[in-house]
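Tertiary structure, described
Take a look at the letters that make up each chain.
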Amino acid sequence: MAVMAPTIKPSIAARLQRSRSDRRRAVFDRTMRTVALLAALICVVPLGAVILFVVINGAPALNLDLLTKTPKALGTGGGAATAILGSLQMIPLAAVLAVPIGIAAAVYVAEFSGSRSARIVRFAADVMVGIPSILVGIFVFTLLVLPFHQFNAFAGSVALALLMIPVVMRTSEEILRLVPGSLREASLALGIPMWRTVLSVVLRTGLSGILTGVMLAVARAFGETAPLLFTALGSRLVNVGDFGRPMDSLPVFVYTNARAPITALNQQAWGAALLLLLIVLTINVAVRARSFRRNVS
Amino acid sequence: MTTARLPGRSLEGGSGGAADRLFRNGTRIAGGFLVVALIAIGLMLWLSSSEAFGAFGLSFVTGLVWDPVAAVYGALPFVVGTILTSLIAVIIAAPIGLLTAVFLAELAPRRLSIPLTFMIELLAAIPSVVYGLWGVFILGPFLGHTIEAWTVEHFGWIPIFAGPPYGIGLFTAGIILAIMIVPTIVSIAREVISSVPASQREAMAALGATRWETVTKAVLPFARSGIIGAIILGLGRALGETMAVTMVIGNGQNIPRGLFDQAQTIASKIATSFNEASLGLQTSSLIALGFILLVITIALNVVARLLVWRVAGPPGRS
């Protein structure tokens with residue numbers, strides 16, 4: 001907001017009279033603007049510090065062993081392959097569950113619903129975003145773990161999906177809202193039924209924006225630990241495809257190894273944390289840079 | 001956003017054959033799913049915690065002892081731990097976040113505000129568990145050797161600054177939380193500040209005010225309730241944050257006496273104890289902790305959203 005005070009030349013006398021307080025105000029103005037700049041810089045210091053130390057401590061540990069070996073049952077050695085495999089299975093399933101529901105809910109709110117029900121659904125999504133993820137973990141535990149007396153990866157995916165749905169829904173809805181009404185009218189005027197109009201015109205137009213939201217939700221799911229603790233639990237055993245049993249994941253691997261009283265395992269935690277950070281930041285940077293470019297051009 | 005409500009934007013009431021109706025109902029189910037899921041979460045936590053509330057009544061909330069052996073469960077130490085860590089976080093993050101939001105929205109040139117905004121968004125993307133790892137091995141020891149050691153040495157005679165400076169406990173947890181909630185406060189406060197009408201600034205500037213005077217005397221008062229909302233949303237996030245706090249707060253089972261004491265928050269207590277708890281009263285008590293947390297966070301979120309809407313308008317309406 002570049003609002004400049006218009007420069008008016010006051011009379012010499014008035015200027016002399018006011019100059020002292022004016023100077024003080026100008027100094028105060030400059031000081032506070034500098035303070036605000038400093039505050040902004042302080043905000044980004046932790047970003048640098050976290051990335052720096054995760055790279056320093058994680059780089060030596062992020063080697064082929066970490067990527068390909070499974071954890072040893074006892075003691076040190078081994079790697080995070082189980083955890084990587086687990087994340088790569090649970091997150092796609094979570095996305096498969098969450099994305100259709102999230103987008104469909106966004107379509108409902110943006111295209112079909114009256115303003116009252118739209119507000120209710122939107123409000124529910126906002127509140128759900130604010131619910132601590134560990135409580136979603138407890139919820140899914142009572143729903144999908146307790147009845148089967150077995151921690152299982154499916155419950156983990158459902159917990160992640162519950163966290164992704166409101167994110168996907170809110171971002172998609174924002175995008176659908178930007179699709180011009182004239183496109184819908186043109187399509188409907190051609191006699192194309194409503195459902196085709198939504199699928200082939202409205203969603204098609206907003207596709208890249210919706211994908212942005214989906215990718216951001218996926219990135220977030222990659223890092224979620226708390227909802228997995230009571231659902232997929234974590235496991236030292238390789239689990240490929242058996243969603244009825246416990247499954248390890250990268251964030252849970254970081255957590256358990258960080259708590260282990262063995263330095264070698266702590267180092268593995270750093271390595272896995274670096275991997276996690278690389279995944280999450282790559283998705284974020286790629287997606288945000290793309291949508292940023294679109295906004296500018 | 002500048003889209004006005006375009007005529008014919010809504011497809012409601014279109015002619016619609018069977019396929020259309022099917023499609024519309026499908027999306028309605030998805031929308032309803034969100035509402036149902038939210039209610040189900042609340043209901044399930046309430047039902048699962050009824051055993052604990054039935055056994056202890058309201059004294060569950062005020063109980064000081066959490067003792068699985070004696071089967072006595074009181075939530076107060078964890079409630080206090082949650083409130084204290086979140087307060088530390090908000091006290092640190094609110095002024096810094098607000099100043100940053102002002103800087104990004106009002107003062108910074110575009111070539112500075114864009115990369116800074118981008119970096120602050122990345123800060124929000126870092127997984128909680130990575131913050132925890134960094135906190136327990138880097139930040140905690142650093143604080144323990146510097147700020148905490150110094151404070152204990154010079155002000156240790158004041159009870160709340162006593163205690164060994166381990167770098168693990170309330171203070172470190174508060175700092176980590178502050179870092180984690182700054183992005184929330186900045187992004188929402190910035191949005192609220194940006195939505196203040198330009199006429200407010202112009203009028204102030206026309207009176208000869210400096211930039212800073214314009215901000216503090218015209219912009220911020222106008223945006224006040226929204227800014228409070230942003231801070232409350234940050235607070236809500238701090239209350240429920242689990243992994244990072246669990247990793248740096250140590251394991252204190254009592255109400256912390258000093259700033260550097262070990263403690264537990266509701267979320268960290270659940271995270272560390274849930275899987276070892278025996279089913280029945282102990283699990284129910286842990287879920288009851290969760291229910292308390294749910295009620296607090298939902299209440300805060302609702303209040304905060306309403307405050308933000310008062311300034312920026314409800315979403316999708318501007």
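Computed from a predicted model, the values in this text were never measured in an experiment. (Residues numbered from 1 in each chain as written. Chains lettered and ligands numbered in written order. Predicted model: local features only at pLDDT ≥ 70, side-chain atom pairs only at ≥ 80, totals over all residues.)

Scanning chain A for helices and strands turns up twelve helices and zero strands. Of the regular secondary structure in chain A, the N- to C-terminal order runs α-α-α-α-α-α-α-α-α-α-α-α. A compact globule built from 297 residues should have a C-alpha radius of gyration of about 19 Å, whereas chain A, at 26 Å, is more than 25% larger. In chain A, which comprises 297 residues, the share counted as buried stands at 48%. When contacts within chain A are restricted to residue pairs at least 6 apart in sequence, long-range pairs at least 24 apart make up 74% of them. (Helix = DSSP H or I, 4+ residues; strand = E, 2+ residues; numbered from the N terminus. Rg over C-alpha atoms; globule rule 2.2 N^0.38 Å. Buried ≥ 20, exposed ≤ 12 C-beta atoms within 10 Å, placed from the backbone. Contact = placed C-beta atoms within 7 Å.)

Looking only at helices and strands, chain B features eleven helices and two strands. Listing each helix as α and each strand as β along chain B from the N terminus yields α-α-β-β-α-α-α-α-α-α-α-α-α. Counting over 318 residues, chain B shows a buried share of 53%. For chain B, restricting intrachain contacts to residue pairs at least 6 apart in sequence, the fraction spanning at least 24 positions comes to 75%.

Turn by turn, an α-helix covers 3.6 residues, leaving residues three or four places apart pointing in a common direction. For helix H4 (residues 115-130) of chain A, spanning 16 residues, the distance from its first C-alpha to its last is 22 Å, which sits close to the expected 22 Å at 1.5 Å a residue. Here H4(A) has its buried residues at A:Ala118, A:Val121, A:Arg122, A:Ala124, A:Ala125, A:Val127, A:Met128 and A:Gly130. Buried residues belonging to H4(A) abut helix H3 (81-112) and helix H6 (153-178) of chain A together with helix H1 (18-56), helix H8 (211-240) and helix H11 (281-312) of chain B. (Expected span 1.5 Å × (residues − 1).)

A separate point is the packing of H4(A) against H11(B). Following both chains from N to C, one finds H4(A) and H11(B) inclined at 130°, their axes separated by 9 Å at the closest point. Classified by the angle between their axes, H4(A) and H11(B) sit oblique to one another. Both H4(A) and H11(B) take part in a crossing whose hand is right-handed. Contact residues: H4(A) offers A:Asp126, A:Val127 and A:Gly130, while H11(B) offers B:Thr297, B:Ile298, B:Asn301, B:Val302 and B:Arg305. Of the residues assigned to the contact of H4(A) with H11(B), the class counts are three nonpolar, three polar and two charged. (Axes fitted to C-alpha atoms, helices over the stretch in contact; angles between N-to-C directions. Parallel < 35°, antiparallel > 145°, perpendicular 65-115°, else oblique. Left-handed = near helix turned anticlockwise from the far one by under 90°. Nonpolar A, V, L, I, M, F, W, Y, C, P; charged D, E, K, R; others polar.)

Let's shift gears to the interface of chain B and chain A. Between chain B and chain A, the contact holds 89 residues from the first and 85 residues from the second. The element best represented in the side of chain B that touches chain A is H1(B), accounting for 18 residues. Per-class residue counts for the side of chain B that touches chain A are 55 nonpolar, 23 polar and eleven charged.

The next point concerns helix H9 (residues 207-223) of chain A. Residue and element names in this part refer to chain A. Taking 1.5 Å as the rise per residue, H9 with 17 residues should run 24 Å; its terminal C-alpha atoms sit 25 Å apart, in good agreement. Taken across its 17 residues, H9 has twelve buried, putting it largely inside the fold. For H9, the set of buried residues is Ile 210, Thr 212, Gly 213, Val 214, Leu 216, Ala 217, Val 218, Ala 219, Arg 220, Ala 221, Phe 222 and Gly 223.

On to unusual backbone geometry, then. With glycine set apart, most residues show a phi of negative sign, and most peptide bonds adopt trans. Within the chain, A:His149 stands out as a residue other than glycine whose phi angle is a positive 50°. Position of A:His149 among the secondary structure elements: in the loop between helix H5 (133-145) and H6. Positive phi, close to 60°, is recorded for B:Ala71, a residue that is not glycine. Inspection of the secondary structure assignment puts B:Ala71 in the loop between strand S1 (66-67) and strand S2 (72-73).

This part is about the confidence of the model for chain A. In the predicted model, chain A carries a mean pLDDT of 89, and the fraction of residues at 70 or more is 90%. Looking at the elements of chain A, mean pLDDT is at its lowest for helix H12 (residues 263-296) of chain A, recorded as 87, and at its highest for H5(A), recorded as 96. (pLDDT = per-residue confidence, 0-100.)

Here A:Glu111 lies in helix H3. Taking the C-alpha atoms as reference points, A:Glu111 and A:Glu173, 62 residues apart in sequence, are found 9.2 Å from one another.

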